[in-house]
Amino acid sequence: MLKRLRDLARHLKGELLALSLAARDPRTPWPARLLALLVLAYALSPIDLIPDFIPVLGQLDDLLLVPAGLWLALRLIPPPVLADARARAAAQPARLARSVWGLLLMLGLYVFAVGLLWRWWASH
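In every chain, residue numbers begin from 1 and rise along the written sequence. Local features in this predicted model are restricted to residues of pLDDT 70 or higher, and side-chain atom pairs are both shown and tallied only at a pLDDT of 80 or more, whereas totals for entire chains, interfaces and linings draw on every residue. Side-chain numbers here rest on the full set of heavy atoms in the structure, without hydrogens or water.

**Thoughts on the packing of aromatic side chains**
Operational definition: For Phe, Tyr and Trp, rings pair up if their centres lie within 6.5 Å, where Trp contributes its six-membered ring, and each pair is then called stacked (planes under 30 degrees apart), edge-to-face (over 60) or tilted (otherwise). Only DSSP runs of H or I covering at least 4 residues are called helices, and only runs of E covering at least 2 are called strands; the numbering of each starts at the N terminus. Residue exposure (1.4 Å probe, protein chains only): buried if accessible area is under 20% of the type maximum, exposed if over 50%, otherwise partly exposed.
Evaluation of the coordinates by the stated rule reveals one aromatic pair. Taken together, a centroid distance of 5.4 Å and an interplanar angle of 45 degrees make the contact between W118 and W121 tilted. Placement of both W118 and W121 in helix 6 (residues 100-123) is noted, with a separation of three residues, approximately one turn of the helix. Assessed through its relative accessible area of 57%, W118 is described here as exposed. Overall, W121 belongs to the exposed group, its relative accessible area being 55%.

**Observations concerning helix 3 (residues 30-43)**
Defined as follows: A helix is expected to span 1.5 Å for every residue after the first.
The end-to-end C-alpha distance of helix 3 is 20 Å, a good match for the 20 Å that 14 residues give at a rise of 1.5 Å each. Regarding helix 3, the residues found buried are A32, A36, V39, L40, A41, Y42 and A43.

**A word on the packing of helix 3 against helix 4 (residues 57-76)**
Applicable threshold: Every axis in this analysis is a line fitted to C-alpha atoms, fitted for helices over the stretch in contact. Angles between the N-to-C directions lie between 0 and 180 degrees. In this scheme, roughly parallel covers angles under 35 degrees and roughly antiparallel covers those over 145, while 65 to 115 is roughly perpendicular and the rest are oblique. Here a crossing is called left-handed whenever its near helix is offset anticlockwise from the far helix by less than a right angle, and right-handed whenever the offset is clockwise. Residue contacts are defined here by distance: any two heavy atoms, one from each residue, within 4.5 Å place the two residues in contact. Note that Gly is not counted as nonpolar here; it falls among the polar residues with everything else outside the nonpolar set of Ala, Val, Leu, Ile, Met, Phe, Trp, Tyr, Cys and Pro and the charged set of Asp, Glu, Lys and Arg.
The interhelical angle for the contact between helix 3 and helix 4, taken along N-to-C directions, is 155 degrees, at an axis separation of 9 Å. With respect to helix 4, the element helix 3 is oriented roughly antiparallel. Remark: the crossing between helix 3 and helix 4 carries left-handed chirality. Here A32, L35, A36, V39, Y42 and A43 of helix 3 come into contact with helix 4, specifically with D61, L65, V66, G69, L70, L72, A73 and L76. When its residues are assigned to classes, the contact of helix 3 with helix 4 shows twelve nonpolar, one polar and one charged.

**As for the side chain of T28**
Rule in force here: In protein, a polar contact requires one atom able to donate a hydrogen and another able to accept it; more generally it is a pair of N or O atoms within 3.5 Å, and residues adjacent in sequence count only if both atoms are side-chain atoms.
Here T28 lies in the loop between helix 2 (16-24) and helix 3. Separated by 2.6 Å, the side chain of T28 and the backbone oxygen of A22 make a polar contact. Discounting residues that sit within four places of it in the chain, T28 has contacts with A22, R33, I77 and V81.

**Thoughts on the nonpolar core**
Test applied: What makes a nonpolar core is a set of buried Ala, Val, Leu, Ile, Met, Phe, Trp, Tyr and Cys residues whose side-chain atoms join them at distances within 4.5 Å.
Residues L16, L19, L70 and I77 are the most contacted members of the largest nonpolar core, which totals 24 residues. Top element by residues in this core is helix 2. It accounts for seven residues.

**Structural notes on the packing of helix 2 against helix 3**
For the pair helix 2 and helix 3, the least separation of the axes is 9 Å and the interaxial angle reads 140 degrees. One finds that helix 2 runs oblique with respect to helix 3. Like other packed secondary-structure pairs, helix 2 and helix 3 cross with a definite hand, here left-handed. Touching L16, L19, S20 and A23 of helix 2 are R33, A36, L37, V39, L40 and A43, all from helix 3. Taken together, the residues of the contact of helix 2 with helix 3 break down into eight nonpolar, one polar and one charged.

**With respect to the confidence of the model for the protein chain**
Rules: Think of pLDDT as the predictor's per-residue confidence, scored from 0 to 100.
Predicted confidence across the protein chain gives a mean pLDDT of 81, with 85% of residues reaching 70 or more. The secondary-structure element of the protein chain with the lowest mean pLDDT is helix 1 (residues 2-13), recorded at 71, while helix 5 (residues 79-91) shows the highest, at 91.

**Re the environment of R24**
Its place among the elements puts R24 in helix 2. Since its relative accessible area comes to 63%, R24 is described here as exposed. Considered as a pair, R24 and A85 are 61 residues apart in the sequence and their alpha carbons are 9.6 Å apart. Among the polar contacts made by the side chain of R24, one reaches the side chain of S20 at a distance of 3.4 Å.

This is the structure we're talking about:
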């Protein structure tokens, strides 16, 4: 079962370029575009929400969080737009750089979480 889950995660990660192209398409509705951009920023970020050095939880990021976000974002994009994006993605080499926006998103989430914890700790 773990092998099937890992294969599914690899397949969905292969859809990153198509998702990137579909997010830039003007025919994509704005909620789907926003989710796609957030998923892409997180998937391409050099920082994970759950650090990889934590033995079991570090794998949850690669096996559950990213694939679930990709799956949901792909479901929200209209089928003709996604088909066009997949065709364009197949015609070009799959090269996506690390995301600076994803890095900033993850750092912002960490700062927000630390701020919440600090506020909670200070009130007790």
